[in-house]
Every structure is written in structure tokens, then in C-alpha cells.
Amino acid sequence: MSVLVVGSVALDTVETPFGKVDDALGGSATYFSAAACHFTDVNVVAVVGEDFPFSKIDFLKDRGVNFDGLIQKPGKTFRWGGKYHLDLNQRDTLFTHLNVFEQFDPVLPEHYREIPYIFLANIHPQLQLKVLEQIKKPQLVVMDTMNFWIEGTPESLKQVLKKINILIINDSEVRLLSGETNLFLGIKKLLQLGPQMLVIKKGEHGAFLFNNHAYFWTPAYPLEQLFDPTGAGDSFAGGFVGYLAKTGYVCDKNLRKGVVYGSILGSFCVEKFSLDRLREIELEDIEQRYQQFVRMTKIE
Ligand code: AMP
């Protein structure tokens, strides 16, 4: 099955204890595509400004990612700046300049409207809604968000939640969105807002899948080299949704494997700055790590 992603294509300025990059390629749709393209066809909806260096996404085009829905508008490309602490789980957002995203009104190319698997990456919830409304027969709708939208546009966000199947979110966002300090009570509350399932990302502590009748947990890949956590969540989503789309069948087994593939793509993402590591890997690298996961989590 093909996947449509709407999200940001960005220029990021990121500082970690290991270095700094300015105006590096980033964005939720970009990281997602770099991960999901190993499994299926990916079709991007986003906007960039006049200053966007298109050569930076050539490697994604070479991997088959379709950018027919990437529009260029007068103005500047979306820019985000972040700084990580020595504990890389802690980051401060230094700035979020929406720029061309402020006026963006997505109109999908006709051939995008038939796409069955949809990923609403981290972007303004109204844009997520506008894209979803144009899809004729969505089979699976997965969504991500972040504190910027939870705090800034909570009502729009709740409208989107009513229309999706799976919400991918991290533990602090569960607490922020639900108003509950206990994670599991928070999850139960969010399940009442629309999604049938939640995937909770817990960084170096792994990820889990939760619905009203099942619970699955996987550890994170034990990495010794971690340079830049930016985009790990979007890469996780790319592995998860990409794998599900490849199977074309959402069942318990595929969901579990999807969470493992998500964790694997997230683990590659953080090994270098920007998309530099995702650019290098091939499907066989992913499969090797999958086998390590199988060995790592086998009980008997
Ligand atoms: P993650 O580390 O998975 O949360 O994703 C970081 C990526 O999301 C960066 O490449 C940013 O360009 C992008 N990003 C950060 N804030 C926003 C936002 N408010 N809307 C859309 N994309 C964002």
C-alpha cells in the first residue's frame, strides 16, 4: 500500500553536546519519508520557501519518494532550532518559525486522493484535517503531534483525534494532552478522544503499543553512539507506518513488528546529525538490526 505523509520539510539548527549544524535538512515529513521509503511508496505533502535547497532531497527522490505534493511558495522555509542537554532526552526548542506554513492551504494532486495509508506528521492540526478531508477512502490514519500544538491549538487537535486510528506520541505529551500525571490513566483518557490505539515513544527506554485489550512493549536498540536525537520520533513513525503499509494488513502481529521496525529506524536516525545516517542505510542494515531485536527480546 502507498503512504501519504503531510508534515514539515524544514531547515533545522541543532546543537548537541557533540556539535552543531545550521540550516540542516529536517522536518517531520522528511524524516518520516527517509524511514518509510525502505518499505513502501511514500508521497509527500508539504510547503517550502524560495530559499529551499532542493538538492538536499535528491537522495529521497532517488529512493522513490514522490514530491508531487511539495509546493514552493514565496517566503522562507519553515525553520526550527533546538538545543540538547548532556542528557539527550532533554531538549529546549530555541525557535519555531512557521514561515510559509502560516499561509499553506494544501490542495492534493488528484492521484494522491486514492492513497489508503495516511500519516499526519507533526504539523498544524488544521493542515492535518484539510489533508484528511481530501482523501477518498482512508484505510489507516496515523497521527503524530508535539507540545507546540498541544499547548497552542488544543481544540483543533481534538478535532483531528476524532478521525484517526492510531496516535503516536511520547510520554510527556500523553501527560500534557490528558492532564493526567499517571501515564496509564493518561493513555486511557486519550483513547476516549478517538484513536483506537496509542503508540508511546519513551526514547532510550523503548516504545509500547496500547489499546483497550492489548499491550506490547519493546526496548530501544542499545546504542553506544548517539549524536542527534532530532527526528527520531518521525523516523520511528516512518518505520512503523511504512512496515504496516508494506504488509497492507493491520493485525496484532504486524503492529508489534511495526513497533520494532519503528524503534530500529529511530535508532539509525540518532547516530548522525540531520538525515546523514538515514541517507546511508539499506534494507539489509534494517533487517540485521531486526534479527538483533529478535535475539535481544527472546525469553525462552
Ligand atoms: P522530533 O525530534 O521527532 O520531534 O522531530 C523534529 C523535527 O520536527 C525537526 O526536524 C523539526 O524541523 C520538526 N518540527 C519541530 N517543531 C515543529 C512544529 N511545530 N511543526 C512541524 N514540525 C516541527
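Check the entry above for the structure.
Analysis parameters
Residues numbered from 1 in each chain as written. Predicted model: local features only at pLDDT ≥ 70, side-chain atom pairs only at ≥ 80, totals over all residues. Heavy atoms only, no water. 1 Å grid on protein atoms, 1.4 Å probe; cavity = no way out; pocket = protein on both sides within 12 Å on 5 of 7 lines; lining within 4 Å. Points joined across faces, edges and corners; volume = space filled by probe spheres on them. Buried < 20%, exposed > 50% of the residue type's maximum accessible area, 1.4 Å probe, protein only. Helix = DSSP H or I, 4+ residues; strand = E, 2+ residues; numbered from the N terminus. Arc of directions from axis to C-beta. Contact = heavy atoms within 4.5 Å. Pairing = 2+ DSSP bridges. Axes fitted to C-alpha atoms, helices over the stretch in contact; angles between N-to-C directions. Nonpolar A, V, L, I, M, F, W, Y, C, P; charged D, E, K, R; others polar. Expected span 1.5 Å × (residues − 1). Parallel < 35°, antiparallel > 145°, perpendicular 65-115°, else oblique. Left-handed = near helix turned anticlockwise from the far one by under 90°. Phe/Tyr/Trp six-rings, centres within 6.5 Å; stacked < 30°, edge-to-face > 60°. Near = heavy atom within 4 Å. Polar contact = N/O pair within 3.5 Å; in protein donor to acceptor, adjacent residues only side chain to side chain. Areas by Shrake-Rupley, 256 points an atom, 1.4 Å probe, with all protein chains shown as cover.

Peer 1: Explain empty space enclosed by the protein to me, please; I cannot follow it from the model alone.
Peer 2: Space left empty within the atom packing is revealed by a probe, the size of a water molecule, rolled over the atoms. Under the definition given, this model contains one cavity of 30 Å³ or more. Volume-wise, the largest cavity comes out at about 30 Å³. Lining the largest cavity are Val-45, Gly-69, Ile-71, Phe-104, Pro-106, Val-107 and Pro-109.

Peer 1: Would you explain helix 6 (residues 171–178) in this entry?
Peer 2: For the α-helix, the turn length of 3.6 residues means that residues three or four positions removed from each other point alike. By the burial criterion, the buried members of helix 6 are Glu-173, Val-174, Leu-177 and Ser-178. In a view along the axis of helix 6, the buried residues occupy a sector of 115°, so they form one face of it. Looking at the buried positions of helix 6, the neighbouring elements they touch are helix 4 (147–152), helix 5 (154–161), strand 10 (166–170), helix 7 (183–191) and strand 11 (197–201). Looking one or two residues beyond helix 6, the residue adopting positive phi is Gly-179, at roughly 75°.

Peer 1: Before we go on, may I ask you to explain the sheet that holds strand 3 (residues 19–26) in this structure?
Peer 2: Adjacent strands of a sheet form backbone hydrogen bonds with each other and so pair up, either parallel or antiparallel. The mixed open sheet is built from four strands, whose spatial order is 3-2-6-7. Each of the sheet's edge strands pairs with one partner strand only, and the pair in question is strand 3 and strand 7 (91–97). Each strand of the sheet is rotated relative to its neighbour by a mean of 15°, with strand direction disregarded. As defined by bridge partners, strand 2 (residues 10–16) adjoins strand 6 (residues 79–84) across five bridges and the pair is classed as parallel. Residue pairing across strands places Thr-13 opposite Gly-81, the latter belonging to strand 6. Against the sheet, helix 1 (residues 28–36) engages strand 2 and strand 3, with an angle of about 80° to strand 3.

Peer 1: I'm lost on the layout of surface pockets in this one. Help?
Peer 2: Computed from the structure, the second largest pocket encloses a volume of approximately 160 Å³. Taken together, Phe-216, Trp-217, Thr-218, Pro-219, Arg-256, Lys-257, Val-260, Tyr-290, Phe-293, Val-294 and Thr-297 form the lining of the second largest pocket. For the lining of the second largest pocket, the secondary structure elements donating two or more residues are strand 13 (215–218), helix 9 (252–269) and helix 11 (283–297). Examining the composition of the lining of the second largest pocket, we find that four residues originate from one element, helix 11, more than from any other. When its residues are assigned to classes, the lining of the second largest pocket shows seven nonpolar, two polar and two charged.

Peer 1: In this structure, what is going on with helix 11? I would like to understand it.
Peer 2: If you check helix 11, its first and last C-alpha atoms are 21 Å apart, about what 15 residues at 1.5 Å a residue would give, namely 21 Å. Restricting attention to buried positions, one finds in helix 11 the residues Ile-286, Arg-289, Tyr-290 and Phe-293. Relative to the axis of helix 11, the buried residues are bounded by an arc of 110° and lie together on one face. Opposite the buried face of helix 11, by more than 90 degrees, sit the exposed residues Glu-284, Gln-288 and Arg-295.

Peer 1: Would you take a moment to explain the packing of helix 1 against helix 8 (residues 232–247) for this structure?
Peer 2: The axes of two packed helices give the description: the angle between them and the distance between them. The contact between helix 1 and helix 8 brings their axes to 7 Å, and the two run at 45°. With respect to each other, helix 1 and helix 8 are oriented oblique. Of the two possible hands of crossing, helix 1 and helix 8 adopt the one that is right-handed. Seen from helix 1, the contacting residues are Ser-28, Tyr-31, Phe-32, Ala-35 and Ala-36; seen from helix 8, they are Asp-234, Ser-235, Ala-237, Gly-238, Gly-239, Val-241 and Gly-242. Of the residues in the contact of helix 1 with helix 8, the class split is six nonpolar, five polar and one charged.

Peer 1: Looking at this structure, how should I read the pairing of strand 2?
Peer 2: Looking down a regular strand, the side chains alternate between one sheet face and the other. Among the seven residues that make up strand 2, six are buried, leaving the element largely enclosed by the rest of the structure. As paired elements, strand 2 and strand 3 share six bridges and run antiparallel to each other. Looking at the pairing, Glu-15 lines up with Lys-20 of strand 3. In sequence, strand 2 turns back onto strand 3 through a hairpin of two residues.

Peer 1: Teacher, can you tell me more about the packing of aromatic side chains here?
Peer 2: The geometry of an aromatic ring pair is captured by the separation of the ring centres together with the interplanar angle, meaning the angle of the planes. Scanning the model with the defined rule gives 17 aromatic pairs in all. Summarising the aromatic geometry, the rings of Phe-39 and Tyr-261 are spaced 5.3 Å apart at their centres and angled 70° between planes, so their arrangement reads as edge-to-face. Of this pair, Phe-39 sits in the loop between helix 1 and strand 4 (42–48) while Tyr-261 sits in helix 9, and the two are 222 residues apart along the sequence. What makes Phe-39 buried here is its relative accessible area of 9%. Under the relative-accessibility criterion, Tyr-261 is labelled buried at 4%. Geometrically, the ring pair formed by Phe-52 and Phe-54 is edge-to-face, given 5.2 Å between the ring centres and 90° between the ring planes. Site record: aromatic cluster; members linked through ring pairs are Phe-39, Tyr-243, Tyr-261 and Tyr-290.

Peer 1: For this particular structure, what's the right way to read the site of the ligand?
Peer 2: Taken together, 21 residues sit near the ligand, with Ser-8, Asp-12, Gly-27, Gly-231 and Asp-234 positioned nearest. Taking Asp-12, its side chain carries an N or O atom lying 2.5 Å from an oxygen atom of the ligand. At a separation of 3.5 Å, a nitrogen atom of the ligand approaches a polar side-chain atom of Trp-149. Here the ligand has 510 Å² of accessible area as a free molecule, and 94% of this is covered by the chains. If you list the elements that add at least two residues to the shell around the ligand, you get strand 2, strand 7, helix 4 and helix 8. Here the shell around the ligand takes three residues from helix 8, the largest share from any one element. Of the residues contributing to the shell around the ligand, the split by class is ten nonpolar, eight polar and three charged.

In short, geometric facts, not functional conclusions.
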